[in-house]
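So you can see what is in the structure, the chains are spelled out below.
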Amino acid sequence: MAVMPIVQAPDPVLSQVAADVVVFDDALISLAEDMLATMYAANGRGIAAPQVGVLQRLFVMDATWKDAGPQPVIFVNPEIVSASEEMSTLAEGCLSIAGDLINVTRPASVVVRWRDVDGGFLEASFDGFSAACVQHEIDHLNGILITDKRQ
């Protein structure tokens, strides 16, 4: 696993919409493993492929590793299938925006469907910090930064 350089705002790659992953192969697994190594090395909890210069709908997340043991999840072609009406505001940071914490209001819980690196389908509910994290990373795949959501 290699640590990759993290693209910093205002690089235009961060405002582009990522393409669906269509090939599930060893290169995808390697990219996901490198993204995990990069995320952990940067002391982050999630990182999306555009943040390492790859315009594919892929992100990795480990929302709780700082409080418990590592529990990484790899999301390929994720989509939010439902969101709560209840909203939550959290101060969010971003590995592509050094030093800024921005208050962002998002649904307090979401249900996400995605594929794993082998192409299998998964679905899970997320709430609290994990819900904010998964929505933050999906925003990256859609070319949206937390600075775009500044209140």
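Residues numbered from 1 in each chain as written. Predicted model: local features only at pLDDT ≥ 70, side-chain atom pairs only at ≥ 80, totals over all residues. Heavy atoms only, no water.

Asks: Give a detailed account of the overall build of the protein chain, specifying residues and quantitative values.
Replies: Check the secondary structure of the protein chain and you find 2 helices and 7 strands. For the protein chain, the succession of helices and strands along the chain, N to C, is α-β-β-β-β-β-β-β-α. Taken along the three principal axes of its C-alpha coordinates, the protein chain extends 40 × 30 × 30 Å. Buried residues in the protein chain amount to 43% of all 151 residues. Considering only contacts within the protein chain whose residues lie at least 6 apart along the sequence, 63% involve residues at least 24 apart. In the structure as shown, the protein chain presents an accessible area of about 7300 Å², 52% of it carried by carbon and sulfur atoms. (Helix = DSSP H or I, 4+ residues; strand = E, 2+ residues; numbered from the N terminus. Buried < 20%, exposed > 50% of the residue type's maximum accessible area, 1.4 Å probe, protein only. Contact = heavy atoms within 4.5 Å. Areas by Shrake-Rupley, 256 points an atom, 1.4 Å probe, with all protein chains shown as cover.)

Asks: Break down the side chain of Arg57 for me, with residues and values.
Replies: Position of Arg57 among the secondary structure elements: in the loop between strand 1 (46-48) and strand 2 (58-61). Within polar-contact distance, the side chain of Arg57 engages the side chain of Asn142 at 3.1 Å. When neighbours within four sequence positions are excluded, Arg57 is seen to be in contact with Val17, Ala18, Ala19, Asp20, Val21, Phe75, Val76, Asn77, Pro78, Leu141 and Asn142. (Polar contact = N/O pair within 3.5 Å; in protein donor to acceptor, adjacent residues only side chain to side chain.)

Asks: Which residues make up unusual backbone geometry, and what values go with them?
Replies: The step from Ala9 to Pro10 runs through a cis peptide bond, and the omega angle for that step is 15 degrees. A positive phi angle, near 65 degrees, is found at Asn43, a position not held by glycine. Structurally, the position occupied by Asn43 is in the loop between helix 1 (26-41) and strand 1. Phi at Asn77 is positive, roughly 50 degrees, even though this residue is not glycine. By secondary structure assignment, the location of Asn77 is in strand 3 (residues 73-83). Judged by its relative accessible area of 16%, Asn77 falls in the buried class.

Asks: Describe helix 2 (residues 128-141), with residues and values.
Replies: Since one α-helical turn is 3.6 residues long, residues separated by three or four positions face the same way. In this model helix 2 runs 21 Å from its N-terminal to its C-terminal C-alpha over 14 residues, within 8% of the 20 Å that 1.5 Å per residue would give. Taken across its 14 residues, helix 2 has 12 buried, putting it largely inside the fold. Those residues of helix 2 lying buried are Ser130, Ala131, Ala132, Cys133, Val134, Gln135, His136, Glu137, Ile138, Asp139, His140 and Leu141. Trailing helix 2 by a residue or two, Gly143 shows a phi angle of about 75 degrees, which is positive. (Expected span 1.5 Å × (residues − 1).)

Asks: Describe the packing of aromatic side chains, naming the residues involved and giving the relevant values.
Replies: Per the counting criterion, the structure on display carries 4 aromatic pairs. An angle of 50 degrees between the planes, with centres 5.9 Å apart, marks the rings of Phe75 and Phe126 as tilted. Here Phe75 is found in strand 3, whereas its partner Phe126 is found in strand 7 (residues 121-127), with 51 residues between them in sequence. In terms of burial, Phe75 and Phe126 fall into one category: buried. Taken together, a centroid distance of 6.1 Å and an interplanar angle of 45 degrees make the contact between Trp114 and Phe126 tilted. Of this pair, Trp114 sits in strand 6 (residues 109-115) while Phe126 sits in strand 7, and the two are 12 residues apart along the sequence. On the basis of relative accessibility, which here comes to 12%, the residue Phe126 falls in the buried class. Among the aromatic residues, those joined into a ring-pair cluster are Phe59, Phe75, Trp114 and Phe126. (Phe/Tyr/Trp six-rings, centres within 6.5 Å; stacked < 30°, edge-to-face > 60°.)

Asks: A description of the pairing of strand 5 (residues 97-107) should follow, citing residues and the corresponding values.
Replies: When strand 4 (residues 87-94) meets strand 5, the two strands line up antiparallel, connected through 7 bridges. Each residue of the ladder has a partner; that of Met87, found in strand 5, is Pro107. The turn joining strand 4 and strand 5, which pair antiparallel and follow one another in sequence, is formed by 2 residues. (Pairing = 2+ DSSP bridges.)

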